[in-house]
Structures are given as structure tokens and as C-alpha cells.
Amino acid sequence: MSVFPGHGSADGEELDAGKIKLVMALRRQGIRSKGVLAAIERVPRETFVTGAFREQAYDDHALPIECGQTISQPYIVAFMTEKLEIGDRMKVLEIGTGSGYQAAVLAQLSRRVYTIERYRTLLDDAVKRFEILGFHNITAKVGDGSKGWPEQAPFDRIIVTAAAPEIPMGLADQLKIGGIMVVPVDVDGGKQGQQLVRLTREEDGFKKEELLPVRFVPLVEGVARES
Ligand code: SAH
């Protein structure tokens with residue numbers, strides 16, 4: 001099955017109608033940032049899901065992607081992006097490229113997005129999608145995202161889209177002063193799901209806020225052996 005169906009069963013008009021409904025639903029759920037809502041409108045989520053799930057591209061839930069991973073629920077993408085308070089001159093690091101959807105949304109709002117994925121297959125597909133869509137301000141690589149991207153640090157913003165066992169301070173150290181990181185962190189070793197945590201780097205330390213209970217696939221150390 002191709003991951004890039006030209007025109008699958010869901011037709012363009014249905015998808016557009018679905019997208020409008022989704023944006024309205026996000027507003028109702030409290031997403032206020034015009035920039036974030038516009039970014040969600042500009043990024044075709046159907047390009048980031050595999051053929052069988054195209055019709056569900058604008059339903060507000062997570063969907064399976066290759067390698068046993070998931071593309072996050074649109075509400076969570078919008079919520080995390082809003083909490084990052086991204087400006088258009090900013091340099092953003094994402095850990096967990098997955099389908100590339102979150103990176104594409106971030107790329108609408110920032111100067112450049114750096115994104116790291118531990119599965120080669122996922123990374124290659126995501127990069128192809130960025131090329132097809134003409135999103136040129138995303139730099140992507142295979143690697144262990146828990147180590148960050150020291151050569152490109154410091155970052156204005158960091159988003160982790162996989163659940164960390166504890167707040168990854170190695171990543172937090174790659175933030176500029178005033179920088180913000182949003183990361184899902186296991187509660188009780190993951191048995192109680194995760195809390196979405198926002199960390200803001202201040203002159204003399206970090207401010208921590210707990211935002212929302214969430215469920216993400218785990219952040220796993222090392223590069224995946226299977227592709
Ligand atoms: N942001 C993605 C959803 C990510 S799912 C999207 O918009 O589609 C989480 C992703 O994190 C998975 O693809 C998983 O392989 C990846 N991941 C988990 N641990 C990682 C690590 N240490 N480094 C890089 N990527 C990791």
C-alpha cells in the first residue's frame with residue numbers, strides 16, 4: 001500500500017468540509033490563537049496519514065502510522081502548538097517526527113523547524129511529504145531525539161511528541177533563556193498516563209507548569225534497529 005495515495009476514496013470537497021468542521025471544533029474546545037488555527041487550515045492532514053485512514057484525516061483523533069506509531073490528535077497538536085507561543089523568527093526543535101504533521105504545523109509559524117525521528121522509514125516518508133507540499137523550512141534527521149540537536153542549539157522552542165519518563169533536562173538545557181519546552185511526562189511510571197508539562201527557561205532556572213493529562217507513545221532511547 002502506498003503511503004502517498006494520489007486521490008483516495010475521500011474526495012477533495014469532503015476533505016475540505018471536514019477540515020472546516022475540525023477548525024470550528026478546535027475553536028469550541030478553546031484554541032484561540034488565530035495563527036495556530038490558520039496553520040491547521042493550511043496543512044493537509046490527509047497527506048500525513050496512510051491511504052486507509054484518509055477519510056478520517058479530519059476526525060479529531062489520533063491515527064496509526066507506520067512502525068506502530070501514531071499521528072497525534074489534532075486537538076493535542078493545536079493545544080501544544082498554542083502553548084509554545086511561537087513567533088515567526090523562532091527556531092524550533094521537535095522530537096518525534098512521526099508522520100511529519102506536527103512539524104508541518106510548526107513550520108507555518110516559525111522560521112525553521114528541526115525535527116528528529118528514530119525510525120528511518122518514518123523520517124523518509126515525512127521528508128517526502130515536506131517536499132511534495134513545498135515546506136522548505138524543515139530540517140529532519142534520524143537520531144535519538146532524547147539527546148537533542150547540540151549542533152543547532154540553542155532553540156527558542158522545543159516540543160517533544162513522545163512520552164518521557166521524566167522531564168528531559170538535557171533537552172531543556174538546549175533552550176535559550178526565555179525559551180519554552182512542551183513535553184508529555186509519565187505519571188507514576190506511565191501507569192497513570194502522562195501530564196503535559198510546559199517548562200520555561202528563566203535567567204536562574206526553569207518555571208514548570210502542568211497543562212493537561214495526555215497519552216503519547218513512549219520516548220525510546222537510541223535509533224530504531226528495524227527501519
Ligand atoms: N509528531 C508526530 C507524532 C509522533 S508519535 C506526528 O505529528 O505525526 C512519536 C514519535 O516519536 C514516533 O514516531 C516515535 O518513533 C518517535 N520517537 C520515540 N522516541 C524517540 C527518540 N528517542 N528520538 C526520536 N524519535 C523518537
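In what follows, the accompanying structure is described. Along each chain, residues carry numbers from 1 onward, in the same order as the chain's sequence is written. Given that the model is predicted, a residue must reach a pLDDT of at least 70 before its local features are reported, and side-chain atom pairs must reach 80 or more before they are shown or counted; all residues, however, enter totals for whole chains, interfaces and linings. Side-chain measures were taken over the full set of non-hydrogen atoms in the model, leaving aside hydrogen atoms and water.

Section: the environment of Ile 180
- Within the secondary structure, Ile 180 is located in strand 7 (residues 175-186).
- Only protein chains enter the accessibility calculation, which uses a 1.4 Å probe; a residue whose area is less than 20% of its type maximum is buried, one above 50% is exposed, and one in between is partly exposed. Looking at Ile 180, the relative accessible area reads 5%, which means it is buried.
- Each C-alpha atom of the pair Ile 180 and Ala 39 lies 20 Å from the other, and the pair is 141 residues apart in sequence.
- Look past the residues within four positions of Ile 180 in its chain and what remains in contact with it is Lys 83, Leu 84, Glu 85, Asp 156, Arg 157, Ile 158, Leu 175, Arg 198, Leu 199 and Thr 200. By definition, any uninterrupted DSSP run of H or I lasting at least four residues is a helix, any uninterrupted run of E lasting at least two residues is a strand, and each is numbered from the N terminus. Throughout, a contact is declared for two residues whenever any of their heavy atoms are within 4.5 Å.

Focus: helix 3 (residues 74-84)
- Helix 3 sits mainly inside the fold: ten of its eleven residues count as buried.
- Buried residues of helix 3: Pro 74, Tyr 75, Ile 76, Val 77, Ala 78, Phe 79, Met 80, Thr 81, Glu 82 and Leu 84, and no others.
- Within two residues after helix 3, Glu 85 carries a phi angle of roughly 45°, on the positive side.

Focus: the pairing of strand 3 (residues 91-95)
- In terms of burial, strand 3 is a largely internal element, five of the five residues being buried.
- Neither face of strand 3 is exposed, since Lys 91, Leu 93 and Ile 95 on one face and Val 92 and Glu 94 on the opposite face are all buried.
- Direction of pairing for strand 3 relative to strand 4 (residues 112-117): parallel, over a ladder of five bridges. Paired with Leu 93 across the two strands is Tyr 114, which belongs to strand 4.
- A clockwise course of the path from the first strand over the helix to the second, judged with the strands pointing away from the viewer, identifies a crossover as right-handed. Once the chain exits strand 3 it traverses helix 4 (residues 101-109) before rejoining the sheet at strand 4, and the crossover so formed is right-handed.
- Summarising the sheet, strand 3 and strand 6 (residues 155-160) pair through four bridges and their orientation is parallel. By the bridge assignment for strand 6, Val 92 is matched with Arg 157. Two strands qualify as a pair provided that DSSP identifies no fewer than 2 bridges between them.

A look at the environment of Pro 213
- For Pro 213, the location among the structural elements is in strand 9 (residues 205-214).
- Once the C-alpha coordinates of Pro 213 and Glu 151 are considered, the two residues, 62 residues apart in sequence, prove to be 32 Å apart.
- When sequence neighbours within four positions are dropped, the list of residues in contact with Pro 213 reads Gln 194 and Gln 195.

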